[in-house]
Amino acid sequence: MSVLDQQEEIISGTESLVRKLIGNMPNGVFKSYLYSILPDVIGFFWSVVFAIVIYVVGVRLIKIVVKLVQKPLELRGVEKGVIQFFTSLTRAALYIVLAIVILALFGVSTASIAAAIASMGLAAGLALQGSLSNFAGGVLILLLRPFIVGDYIIEHTHGNEGVVSEITVFYTKLKTIDHKIIVIPNGVLANSSLTNATMSDKRMIDLKVPIGYNEDIAKAKIILTAILDKEDRRLMTDPVQIFVDELADSAVMLGVRFWVPTEDYWTVRWATLEKIKLEFDANDIGIPFNQLDVHLVNG
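This write-up is about the structure you can find in this document. (Residues numbered from 1 in each chain as written. Predicted model: local features only at pLDDT ≥ 70, side-chain atom pairs only at ≥ 80, totals over all residues. Heavy atoms only, no water.)

To continue, consider the sheet that holds strand β8 (residues 252-261). Here three strands make up an open sheet; going across it, the order is β6-β8-β7 and the pairing antiparallel. Every other strand in the sheet has two partners, leaving β6 (202-211) and β7 (241-247) as the edge strands with one partner each. This sheet shows a mean twist of 30° between the axes of neighbouring strands, independent of strand direction. Both β7 and β8 contribute to a ladder of six bridges, which runs antiparallel. Paired with Q241 across the two strands is R257, which belongs to β8. Sheet strands in contact with helix α7 (residues 217-229) are β6, β7 and β8, and its direction is about 15° off that of β8. Packed on one face of the sheet, helix α8 (residues 265-282) meets β6 and β8 and runs near 25° to β6. (Pairing = 2+ DSSP bridges. Helix = DSSP H or I, 4+ residues; strand = E, 2+ residues; numbered from the N terminus. Axes fitted to C-alpha atoms, helices over the stretch in contact; angles between N-to-C directions. Contact = heavy atoms within 4.5 Å.)

Put into structure tokens, the structure is as follows:
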């Protein structure tokens, strides 16, 4: 026996019981009115009850199915962003099926639902073209893989940046260094330039170190070399470059370039800058700042 047949049987039994109760009432307009609305009221009541039960059970089943889809992908080592995309897509599709089942309880046939969807397809497509663009952008991101979950990216159009924490059907979420969550439409990321700072397993630290024009360049280079020689997080297989980068207005700019593992980039950069300042101070190497000389001419 199908669910709909069971529903009809329960409604019929309830209606018979209520009719017996109404039959004990004195005849009159009110009794006739109750008889007239009885089938609709009882039918709607049980439809609501069945709808609530099916919704509660359906939500739990959807969670189970999503986990059944997610677990094999995780065991196969599929990239986390792909798993998030397909699980969110599966969840959305199952909720649509659940909605169709609930509507069927209220007498809406699946053929009517399909006809309504078909008739509204063009209007929905125009109204949701932004969402469809985001969906297509999510598919392109998964296929072309400009970034994956865990990468640090910089989106150039609006200047958003952070670690990719989740890739869903329509949006990608970034977590900033202060743990704010930035939600960016996939269409924006798929159609704009961006920088992936962590796609490679190593990253070059490029520093500009100013010294005064009266300072000893050779001595400054020796100090910088000694600092980098003591940095054990530096990649020893890659060369260190220390050179005169620019003769600026107020300083000689020394360039310092060396490579570190991507995950150590910021900690090494900050530590190196601090060590340079301390060592230059200890060795009387001046770091100039912008100055303005004003010459007064007596008229």
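Our next topic: the side chain of N196. Inspection of the secondary structure assignment puts N196 in strand β5 (residues 194-196). A relative accessible area of 18% means that N196 is categorised as buried. There is a polar contact of 3.0 Å between the side chain of N196 and the backbone oxygen of P146. Side-chain polar atoms of N196 contact the backbone nitrogen of M199, separated by 3.0 Å. Beyond its immediate chain neighbours, meaning those up to four positions away, N196 contacts P146, F147, D151, Y152 and I153. (Buried < 20%, exposed > 50% of the residue type's maximum accessible area, 1.4 Å probe, protein only. Polar contact = N/O pair within 3.5 Å; in protein donor to acceptor, adjacent residues only side chain to side chain.)

A separate point is unusual backbone geometry. Look at R145: it is not a glycine, yet its phi comes out positive at around 55°. Mapping R145 onto the fold places it in the loop between α5 (129-144) and β1 (152-155). The exposure class of R145 is partly exposed, given its relative accessible area of 43%. A positive phi angle, near 60°, is found at D284, a position not held by glycine. As for its placement among the helices and strands, D284 is situated in the segment after α8. Taking relative accessible area as the criterion, D284 reaches 65% and is therefore assigned exposed.

This brings us to a positive patch on the surface. A grouping of R60, K63, K67 and K71 is seen on the molecular surface, where their side chains present a positively charged patch. Looking at the element boundaries, K71 is found in helix α2 (residues 29-75). (Patch = residues over 30% accessible without salt bridge, like charges linked within 9 Å, V, L, I, M, F, W, Y side chains within 5 Å. Areas by Shrake-Rupley, 256 points an atom, 1.4 Å probe, with all protein chains shown as cover. Salt bridge = Lys/Arg side-chain N within 4 Å of Asp/Glu carboxyl O. Lys, Arg positive; Asp, Glu negative; His and termini not counted. Charge placed at Lys NZ, Arg CZ, Asp CG, Glu CD.)

Inspection of every chain in the model, using the stated rule, returns nine salt bridges. K173 is paired through a salt bridge with E166; the nearest N and O atoms lie 3.7 Å apart. Between K208 and D206 there is a salt bridge, and its shortest N-O distance comes to 3.4 Å. Under the relative-accessibility criterion, K208 is labelled partly exposed at 40%. Judged by relative accessible area, D206 falls into the partly exposed class, the value being 26%. Residues participating in the shared-partner salt-bridge network are D206, K208 and R257.

Structurally, the position occupied by F170 is in the loop between β2 (161-167) and β3 (171-175). Residues F170 and P185, 15 residues apart in the sequence, show an inter-C-alpha distance of 6.1 Å. Apart from the residues lying within four places of it in its own chain, the contact partners of F170 are S131, N134, F135, P185 and N186.

Turning our attention to the sheet that holds strand β4 (residues 181-185). If you walk across this open sheet you meet the five strands as β4-β3-β2-β1-β5, and the pairing is antiparallel. Unpaired on one side and paired on the other, β4 and β5 mark the two borders of the sheet. In this sheet, neighbouring strand axes are inclined to one another by 40° on average, regardless of whether the strands run parallel or antiparallel. Note that β3 and β4 share five bridges and pair antiparallel. Directly across from L174, in β4, lies its bridge partner I182.

With that settled, consider the packing of aromatic side chains. Across all of its chains, the model carries four aromatic pairs by this definition. In textbook terms, an aromatic cluster arises when at least three aromatic residues are bridged by ring pairs, as seen for F85, F86 and F135. Over the face of the ring belonging to W259 we find K202, whose NZ or CZ atom lies 5.0 Å from the ring centre. Lying across the ring of Y265, R203 places its NZ or CZ 3.8 Å from the centre. (Phe/Tyr/Trp six-rings, centres within 6.5 Å; stacked < 30°, edge-to-face > 60°. Lys NZ or Arg CZ within 6 Å of the ring centre and 35° of its normal.)

What follows concerns a nonpolar patch on the surface. Together, V53, V57, L61, I64 and L68 give the surface a local cluster of nonpolar side chains, amounting to about 460 Å² of exposed area. By secondary structure assignment, the location of L61 is in helix α2. For L61, a relative accessible area of 49% corresponds to the partly exposed category.

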